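# A closer look at the structure
Next come the chains, spelled out residue by residue.
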Amino acid sequence: MALDADEEILQDFLVEAGEILEKLSEQLVDLEQHPDDSDLLNAIFRGFHTVKGGAGFLQLDALVNCCHSAENVFDILRNHKRKVDSELMDVVLEALDHVNAMFEQVRHHEEPTPAPDELIAALDALAKPEAEAPAARVATEQPDSAKEASAHGDNGDITDDEFEQLLDALEDEKSSAAATPGDNGQSTDGDGSGGDDEISDDEFEALLDQLHGKGQFSGPPETDKTDDLKPDVADETANSSGDELISDDEFEKLLDDLHGKGGSPTADAAKASSAPADSQPAAKSASTETDRPAESPDKRAKAPADSKGGATSAAPAMPSRDANAPVAETSVRVDTKRLDDIMNMVGELVLVRNRLQRLGAQSEDEHMHKAVSNLDVVTTDLQSAVMATRMQPIKKVFGRFPRVVRDLARNLKKEIHLEMHGEDTDLDKNLVEALSDPLVHLVRNSVDHGIEEPDVRDKAGKPRQGTVTLSAEQEGDHILLSIEDDGAGMDPDVLRRKAVEKGIYEQDAADRLTNAECYNLIFAAGFSTKDQISDVSGRGVGMDVVKTKIGQLNGQLNVESELGKGSRIIIKVPLTLAIMPTLMIMLGDQSFALPLVNVVEIFHLDLSKKNIVDGRECIVVRDKVFPLFHIKRWLVRGAAGEPEPENAHVVIVAMGTRRVGFVVDQLIGQEEVVIKPLGRALQGTPGMAGATITGDGRIALIIDVPSLLQNYG
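Residues numbered from 1 in each chain as written. Predicted model: local features only at pLDDT ≥ 70, side-chain atom pairs only at ≥ 80, totals over all residues. Heavy atoms only, no water.

### Details of helix 3 (residues 61–78)
Over its 18 residues, helix 3 extends 25 Å from the first C-alpha to the last, a length consistent with the 26 Å expected when each residue adds 1.5 Å. Taking burial as the measure, the 18 residues of helix 3 include 14 buried ones, the bulk of the element. Among the residues trailing helix 3, histidine 80 stands out with phi positive, at a value near 60 degrees. (Helix = DSSP H or I, 4+ residues; strand = E, 2+ residues; numbered from the N terminus. Expected span 1.5 Å × (residues − 1). Buried < 20%, exposed > 50% of the residue type's maximum accessible area, 1.4 Å probe, protein only.)

Right under this line is the structure:
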């Protein structure tokens, strides 16, 4: 490997190849469901080919060899010389795993470890046709395979061997079509584009396809250069490629390659252009009708269809070089640290905005009110724009699940179909990375615990193939994620029994649990309904990890299930962790901020109506019982000995699947705050997520609800 390669070139390769490898994992699983999809086969072939090319430039030989062997397999598949099956996909997916591992080594500037020789040998064996053809026959069919690939939208992306054979074919054509010997077989006859050595329409169309791919040089009809050509040249191009026109220079070069240098089409076009504009199409039409009465109508009917097909499956049309100026780049790569710095500065601006709003409310100056209002609008728009630069589609997380579900289903001998919705939903980059592990655990749980085996589903009157649905949608300032399956569902009685066996609850307490509370038991540490430990589940740690991680993200978890019908787990997390909407409260004379995502409802309570259950204060709200906590006694010095007020505000908060009531002295209102890390002296304080500056310039501590209850409750 060229470890001393230009860092900028290496980073470009890492970005481009990283995106391709992410797509390949999803495309390969999709291919197993649609093995005859030619566009998908070509896309996967191009993916391996592109990664191989970039790796070759950086002298990453191990990566090149593995990609080259995989590329050969898909060259055979796309030419329909072998069928896609599960065994073939197992080998290819294993190769992709090794490519990803080598890619990560390159990312860390390490020499990539070559793939095992057995894997390369297996790929090479799959790169041969199922029915071996004679070598000579294969060699003669290779140019046709290049043409077929172009017809399927491969954009003329042919292998090195096919390109060499195409050059040989052109050289043979030049030597056979030369009008006079000498000068490398080039014709000196003025009529270089016609005469006795004119090729047929089919040959001309095939050569265009091999050189450029279908539709690559198509342009708008109103800029047709063919109308400016002389009638016989316009006739030839109209019959050979229809609307798929190329520029004059490219057409002239192509004629030189085919027939040798001769009369310039542009020179003849100048003569033709002296004719009236409306007569040229008529001449073109007449020439078409008289010269080829049998072939022309079919060619004219076929050409627009080919052009339309090429436009949809091939690359975007290339504009004429003399018609349009080069297109400027529309994107730029920016270091995430720079985005974080900009976000911090916007956060400071939000704090200044909040301060000015508080001062403006105290002022009676109309101009002051107007200026503060304008600042509020601009700051809000700027905040949204900067947050948008940090946003990424959740597809970056969802993209790995087709492979996860496919491998698990084969391992567990189950038939499972994965559906994904809302993949374009955007959320903060940090959240995308943080949600990856929890979602993997939840999807594995649905596949292993939720979906039954095919025979069991058959007996229950269900389709043999189970369905796991993964969806995401934005709801206000939050993202809702849902993992749903149509499996067996959860039995509350089984969960109660397991909770007693694990020592989580006494039998009496377990009997009092509602069904919803039983479903939430799956998130308890060490809890598992599996009796046998496997490499998939059984240790009772996966769902506990999910609960902890979602709690750290200020998110909520909710479980719904119906026995025999399936289960659904809903996650609610904030859009971003940088700027947080909060509920400002007062405990004594100190301000605190409660993350708004945790707040369920607020009400005024007569504290004389509280109840005592198992020695703990509780309140009953709409037939639901909530534990009651006086957090002032935890967070404010000297508050423990104060007399209890008769009335107070109660804030019902939720963290994960648990809901409790916090007693507070005063409610200030909703305010967007910027989270600042605590200083070294306060870092690690239980129940504190950070600090912020309020609108009146005071310091407010941001409450970490899960940590607060874990340490004090």
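The discussion continues.
### Some thoughts on the environment of threonine 379
Examined against the element boundaries, threonine 379 turns out to sit in helix 15 (residues 366–390). Note on threonine 379: relative accessible area 1%, which makes it buried. Taking the C-alpha atoms as reference points, threonine 379 and valine 346, 33 residues apart in sequence, are found 8.0 Å from one another. In contact with threonine 379, other than residues within four places in its own chain, are Leu349, Val350 and Arg353. Here the side chain of threonine 379 touches leucine 375 through a polar contact of 2.7 Å, landing on its backbone oxygen. (Contact = heavy atoms within 4.5 Å. Polar contact = N/O pair within 3.5 Å; in protein donor to acceptor, adjacent residues only side chain to side chain.)

### Remarks on the pattern of salt bridges
In total, this model carries 27 salt bridges according to the counting rule given. The shortest N-O distance in the salt bridge between glutamate 452 and arginine 457 comes to 2.8 Å. On the accessibility criterion, glutamate 452 (14% relative accessible area) is buried. The class for arginine 457 is buried, based on a relative accessible area of 1%. If you follow the salt bridges from partner to partner, you end up with Glu32, Asp90, Asp97, Arg403, Arg406, Asp407 and Arg410 in one network. (Salt bridge = Lys/Arg side-chain N within 4 Å of Asp/Glu carboxyl O.)

### Some words on the sheet that holds strand 7 (residues 566–574)
Read across the sheet, five strands follow the order 2-4-5-7-6 without closing on themselves; strand pairing throughout is mixed. In the strand order of this sheet, the two ends are held by strand 2 (416–421) and strand 6 (556–562), each with one partner. Strand-to-strand twist of the sheet, defined as the mean angle between neighbouring strand axes without regard to direction, takes the value 10 degrees. Seen against the sheet, helix 17 (residues 401–412) touches strand 2 and strand 4 (466–475) and runs at an angle of roughly 165 degrees to strand 2. In the packing of helix 18 (residues 429–450) onto the sheet, contacts are made with strand 2, strand 4, strand 5 (478–485) and strand 7, and the angle to strand 5 comes to roughly 20 degrees. (Pairing = 2+ DSSP bridges. Axes fitted to C-alpha atoms, helices over the stretch in contact; angles between N-to-C directions.)

### Digging into the sheet that holds strand 13 (residues 624–629)
The strand order across the open sheet built from six strands is 10-14-15-13-12-11, with neighbouring strands paired in mixed fashion. Both edges of this open sheet fall to strand 10 (599–606) and strand 11 (611–613), since each of them pairs with a single strand only. Across this sheet, the average inter-strand angle for adjacent strands is 40 degrees, counted without regard to direction. Across seven bridges, strand 10 lies against strand 14 (residues 647–655) in antiparallel orientation. By the bridge assignment, phenylalanine 603 is partnered in strand 14 with valine 650. Strand contacts of helix 25 (residues 705–712): strand 13, strand 14 and strand 15 (658–664), with the helix running at about 85 degrees to strand 15, the strand carrying the most contacts.

### Some remarks on a negative patch on the surface
Together, Asp30, Asp36, Asp37 and Asp39 make up a negatively charged patch on the protein surface. Among the structural elements, aspartate 36 can be located in the loop between helix 1 (7–33) and helix 2 (38–57). (Patch = residues over 30% accessible without salt bridge, like charges linked within 9 Å, V, L, I, M, F, W, Y side chains within 5 Å. Areas by Shrake-Rupley, 256 points an atom, 1.4 Å probe, with all protein chains shown as cover. Lys, Arg positive; Asp, Glu negative; His and termini not counted. Charge placed at Lys NZ, Arg CZ, Asp CG, Glu CD.)

### Observations regarding the nonpolar core
In this structure, Phe398, Phe401, Leu439, Leu481 and Ile571 are the most contacted members of the largest nonpolar core, which totals 58 residues. A per-element tally of this core places helix 18 first, with nine residues. Beyond its immediate chain neighbours, meaning those up to four positions away, isoleucine 571 contacts Leu439, Leu442, Ile479, Leu480, Leu481, Ile483, Ile550, Gln556 and Leu557. Within the second largest apolar cluster, 45 residues are counted, among which are Ile44, Leu58, Val84 and Leu123. (Core = buried A, V, L, I, M, F, W, Y, C linked by side-chain atoms within 4.5 Å.)

### Things to note about the pairing of strand 15
Of all seven residues making up strand 15, five are buried, and the element is well covered by its neighbours. One ladder, built from two bridges, connects strand 13 with strand 15; its direction is parallel. In the strand pairing of strand 15, leucine 628 is matched with glycine 661. Strand direction decides the pairing type here: strand 14 and strand 15, joined by seven bridges, are antiparallel. When the bridges of strand 15 are listed, valine 653 appears paired with valine 660.

### Description of the packing of helix 4 (residues 86–107) against helix 17
Where helix 4 contacts helix 17, the two axes come as close as 13 Å, and the packing angle between them is 130 degrees. Put simply, helix 4 runs oblique to helix 17. For the crossing formed where helix 4 meets helix 17, the hand is left-handed. Between helix 4, through Ser86, Met89, Asp90, Leu93, Glu94 and Asp97, and helix 17, the contact on the second element is made entirely by Arg403, Arg406, Asp407 and Arg410. (Parallel < 35°, antiparallel > 145°, perpendicular 65-115°, else oblique. Left-handed = near helix turned anticlockwise from the far one by under 90°.)

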